[in-house]
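# Descriptive structure summary
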There are 2 protein chains.
Amino acid sequence: MDEKDKRPKPRLARGFRDVIGADLVARYNMIETIRKVYELYGFMPLETPTVEFADMLGKFIQDTGLPDEGIFSFKADQPDWLALRYDLTAPLSRFVAQHKDLPKPFRRYQIGSAFRIEKPGPGRFREFIQLDIDTVGSASMAADAEICCVLCDAFDALGLDGMFVVRVGDRRVLNGVLQAAGVDTKADGGITSTRVMRCIDKFERLGLSGVAELLRQGRMDESGDFTQGAGLTQAQAEVVTEYLKASGESRKEVCEALRAIVGESEEGRSGVDELVEIDEFLTAAGYDERKVVFDPTIVRGLTYYTGPVYEASLIEQNGRFSSSIAGGGRYDNLIERFTGQKVPATGASIGPDRLLALLIGLGKVSESLLAPVLVTQMDRAWAKDYQAMTFELRRAGIPAELFLGKASIGKQLKYADQRNIPLAVIAGEDEFASKTVSIKDLRRGKRVASEVSERSEWLKHEQTQETVPRGRLVERVIELLAKYPDG
Amino acid sequence: MDEKDKRPKPRLARGFRDVIGADLVARYNMIETIRKVYELYGFMPLETPTVEFADMLGKFIQDTGLPDEGIFSFKADQPDWLALRYDLTAPLSRFVAQHKDLPKPFRRYQIGSAFRIEKPGPGRFREFIQLDIDTVGSASMAADAEICCVLCDAFDALGLDGMFVVRVGDRRVLNGVLQAAGVDTKADGGITSTRVMRCIDKFERLGLSGVAELLRQGRMDESGDFTQGAGLTQAQAEVVTEYLKASGESRKEVCEALRAIVGESEEGRSGVDELVEIDEFLTAAGYDERKVVFDPTIVRGLTYYTGPVYEASLIEQNGRFSSSIAGGGRYDNLIERFTGQKVPATGASIGPDRLLALLIGLGKVSESLLAPVLVTQMDRAWAKDYQAMTFELRRAGIPAELFLGKASIGKQLKYADQRNIPLAVIAGEDEFASKTVSIKDLRRGKRVASEVSERSEWLKHEQTQETVPRGRLVERVIELLAKYPDG
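Quick look at the structure, then. Values in this document were obtained by computation on a predicted structure and should not be read as measured data. (Residues numbered from 1 in each chain as written. Chains lettered and ligands numbered in written order. Predicted model: local features only at pLDDT ≥ 70, side-chain atom pairs only at ≥ 80, totals over all residues. Heavy atoms only, no water.)

From N to C terminus, chain A includes 19 helices and 19 strands. Over its C-alpha atoms chain A spans a radius of gyration of 29 Å, topping by over 25% the 23 Å that the globule rule assigns to 487 residues. C-alpha extents for chain A along the principal axes are approximately 95 × 60 × 55 Å. Counting every position in chain A, which comprises 487 residues, the buried fraction comes to 54%. In chain A, 68% of the contacts between residues at least 6 apart in sequence involve partners at least 24 apart. On chain A, roughly 21,000 Å² of surface is accessible, and the fraction owed to carbon and sulfur atoms is 49%. (Helix = DSSP H or I, 4+ residues; strand = E, 2+ residues; numbered from the N terminus. Rg over C-alpha atoms; globule rule 2.2 N^0.38 Å. Buried < 20%, exposed > 50% of the residue type's maximum accessible area, 1.4 Å probe, protein only. Contact = heavy atoms within 4.5 Å. Areas by Shrake-Rupley, 256 points an atom, 1.4 Å probe, with all protein chains shown as cover.)

So, about the packing of helix α6 (residues 171–180) of chain A against helix α7 (residues 191–200) of chain A. All names here are of chain A. Following both chains from N to C, one finds α6 and α7 inclined at 110°, their axes separated by 11 Å at the closest point. Of the possible angle classes, the one that applies to α6 and α7 is roughly perpendicular. At the point where α6 passes α7, the crossing takes the right-handed sense. Contacts between α6 and α7 pair Arg-171, Leu-174, Asn-175 and Leu-178 from the former with Ser-193, Val-196, Met-197 and Ile-200 from the latter. Within the contact of α6 with α7, the residues separate by chemical class into 5 nonpolar, 2 polar and 1 charged. (Axes fitted to C-alpha atoms, helices over the stretch in contact; angles between N-to-C directions. Parallel < 35°, antiparallel > 145°, perpendicular 65-115°, else oblique. Left-handed = near helix turned anticlockwise from the far one by under 90°. Nonpolar A, V, L, I, M, F, W, Y, C, P; charged D, E, K, R; others polar.)

Counting 99 residues, the largest nonpolar core has A:Leu393, B:Phe155, B:Val166, B:Ile350 and B:Leu355 as its most contacted members. For this core, the leading source of residues is helix α5 (residues 141–157) of chain B, giving 12 residues. If near-sequence neighbours (up to four positions away) are discounted, B:Val166 is found in contact with B:Cys148, B:Leu151, B:Cys152, B:Lys291, B:Val292, B:Val293, B:Tyr310, B:Glu311 and B:Ala312. Counting residues in hydrophobic clusters, the runner-up holds 98 residues, among them A:Ala26, A:Ala142, A:Ile147 and A:Tyr310. (Core = buried A, V, L, I, M, F, W, Y, C linked by side-chain atoms within 4.5 Å.)

All chains considered together, the criterion is met by 25 aromatic pairs over all chains. Plain terms: the ring middles of A:Tyr287 and B:Phe391 are 5.6 Å apart, the flat faces sit at 55° to each other, and that makes the pair tilted. Note that A:Tyr287 is positioned in the loop between α11 (266–285) and β11 (292–294) and B:Phe391 in helix α14 (residues 383–395), a pairing that runs across two chains. The pair formed by A:Tyr287 and B:Phe391 is uniform in burial state, with each residue classed as buried. With a centroid separation of 5.9 Å and 50° between ring planes, the pair formed by B:Phe16 and B:Phe72 is classed as tilted. Residue B:Phe16 is located in the loop between α1 (3–6) and β1 (19–20), and its partner B:Phe72 is located in the loop between α3 (54–57) and β4 (73–74); the two are separated by 56 residues in the primary sequence. Under the relative-accessibility criterion, B:Phe16 is labelled buried at 7%. Aromatic ring contacts, followed pair by pair, group A:Phe16, A:Phe72, A:Phe74, B:Phe16, B:Phe72 and B:Phe74 into a single cluster. A cation sits over an aromatic face here: A:Arg17 above A:Phe125, 4.1 Å from the ring centre. Residue placement shows B:Arg394 over the ring face of B:Phe391; its charged tip is 4.9 Å from the ring centre. (Phe/Tyr/Trp six-rings, centres within 6.5 Å; stacked < 30°, edge-to-face > 60°. Lys NZ or Arg CZ within 6 Å of the ring centre and 35° of its normal.)

A separate point is the state of the cysteines. Residue and element names in this part refer to chain B. Across all of its chains, the model carries 0 disulfides over all chains by this definition. Here Cys-148 stays unpaired: no disulfide links it, and the sulfur of Cys-149, its closest cysteine neighbor, is 6.8 Å away. Judged by relative accessible area, Cys-148 falls into the buried class, the value being 0%. (Disulfide = S-S within 2.5 Å.)

Opposite the 96 residues of chain B that make contact, chain A presents 96 residues. When the two sides are added together, the surface that chain B and chain A hide from each other amounts to roughly 8,300 Å², 60% of it contributed by carbon and sulfur. Contact with chain A buries surface across chain B, with B:Arg11, B:Glu47 and B:Leu404 losing the most and accounting together for 9% of the total. The interface formed by chain B and chain A contains 18 salt bridges. The residue B:Asp80 makes a salt bridge to A:Arg11 at a minimum N-O spacing of 3.6 Å. Linking chain B with chain A are 34 residue pairs in polar contact (both at pLDDT 80 or more). No other element matches the 7 residues that helix α2 (residues 22–40) of chain B contributes to the side of chain B that touches chain A. Taken together, the residues of the side of chain B that touches chain A break down into 50 nonpolar, 16 polar and 30 charged. (Buried area = accessible area lost by both parts, 1.4 Å probe. Salt bridge = Lys/Arg side-chain N within 4 Å of Asp/Glu carboxyl O. Polar contact = N/O pair within 3.5 Å; in protein donor to acceptor, adjacent residues only side chain to side chain.)

Structural data, given as structure tokens:
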């Protein structure tokens, strides 16, 4: 085996990725905007570790069917299994259970990576950031309504006013509908409810008729693959599709329609009461139907939700909803699993990856990395002078870098170009003799090149380099940078 | 087994921790300050995944002796081993090797968690954040000097001017010293060099005589434990201790002393030349001996360093150095291991955990979380009015929260107190009848309580609650908050 064969080929693990430069700056800016909205509502920051004991996380991922397989788990120097967190809610529950004296209601936000072993796809990674807000210790629907308000304010702050909608469903209403249809939702340990939920979760993709098929025996798709159904009878499935069609001009009207469908079911009625309360709170706070709607097709995938569930999407040009940019719900039993005591909780998570791609597409988030000014090196004899210029610029608050390495001025300017550097400082024999310095505006050159087509015109404009007294370097750089503030 | 026994006890995995509230805000503020300095020098942000193929990371951790044991590793749905990154340098090397067309020199910074299975201790966790800067593709000592400048500027920006020092050593000088002492540093594959390095790394703790013992056969500590030595002869060890004592008034003088010790060794001489170049660069840029010193006892633990190494510490009141707050060095071979081509690189990492503890101790970083104003609820009948007040405050940019839940005003104020809330808004029958609102200044109450000892004086000052017209709520809250801007 020769040396070459022993070398590892540089590669990313499956489903993971690198993010660099402008994309990352855009993400930082977006997160900062959202974080400020969270803090405006009194949410305080928390960071829990990336690694938890596996039994702290529980088994709540639904997508894979076989939950444990969806989680990265391992052992270190102790017998207990460890795992990478798959969301930020399970660690929050562990934290709250561990600190019983925490002042409640406890509003916290958390920003961090979560990990799932999923089939990777476009925009779907095995490590993804979540921006979570949760209120623990309040059973009031005001807490749920507030979560919807925070989401709306965050999207407004990102410049998406009028382009998104938060849709709200309720798990108890769904259970009530099943009970009204004659399904005993408790006898089977909730399995039928869970199956029905999974069918409804496919509403956006399959439409009402597709879901209706799935609710019964199952459904064959175009490729001939058969998906097992939830096993409802024809009559039962009809009640559920009635429910899915429930709509109205206002949130109030949707509530009335739902109340009719849940009939005598106590759970269903109290679910509708929850929605009525949320509507009242939202209306009083000025969040109307353009921002938050009630939508029975919203169920959310995770099994731990117990009441209202929320999902935010952008409204696309064809009037359809984009895939979810945020989601959440009430989970009153998640902390109880540790303590035996009911601790009501509700919250939501913004998935910034998808959101960021949309924001960049819409030009709604600044990607501008403050690219530095490049101080080029003509001759190492003047190395200390070049260095002095670089530090002068930095001390004036201007990002600047000295070209490090041996390369012709041409190559140094090519490097500047690749780096999207706005200005290059150049000084050689002439400049040092006359106590001046030259500044080349690389952006202006680019702009001219993209705006003019005639070569004669190009030549007229191509004066992108100027020479100024050495003492005016910093001043002139500031003036030039101010000319095209967006780079 | 009863229900209770089945419940998992909420607990953190060994060596991991939660960070919350003010501590986290202090960390965010510190990171933001450092990030801005990095960007001022033209470093661009990169984020690599937390999980990498294990062979991408290599085996460079020295502390454990058995490198693989220091790393969290596991498999997912593929045969190759995965691992949590143990630093940010190995992933950078993988990234650079993977993107051969990257414009070079490539200056990047990265902020992220790294993971090691170490014995946990005070301030020593298995997940820790690193703030890295590296310059890849420049063999120039200007790049190394620049890294020292960035560290100095970052610490200055954090308010530590005059309180820290960056110490610089050089691996090639050390090898030269060993060669001058007659050790064949290449014949044994570098094992003797590595052992000597490990001895020197204990200098701060053991002092010169302790290290001198370790350099030979070994050393028995007070508890009777014997530590195996590096196996040098008496004469060889003496050369090394001479080297460790090399000092001078200036960096230049240290270089002269080192030049005498390395004698005819070519590697040693070129190591000294490196330090001379770094000194010239630093001096020209205005970083004198109060900021950066040359110190032969600095070697750094990782095996991959090939030239200059840096370590920053705070200077404690007794003149000793605090444990390291930043460290790094040149690693010219790390990328070669993937590509077969030499890609010179140098960089450093700030360890923010230790630094943050020091900064908080010195009062040098703002921990003030913008604690929200609490709008209390006297009676649910006025729920919508309370809610309106809350939103009015938020829309004026004032963090505010509505108390969610059922509790007496007393309990609500106790909650406000636990949360360090500055102001509470209170409105009951009287206020609603007279179209007013009451504001209780919780900070003023606390201040008075801590400043006055006499009960009579206390009573005189205790007017911490006032009633204002409802329409003046926002205006008055802003005035009151401005009174004690630090909470």
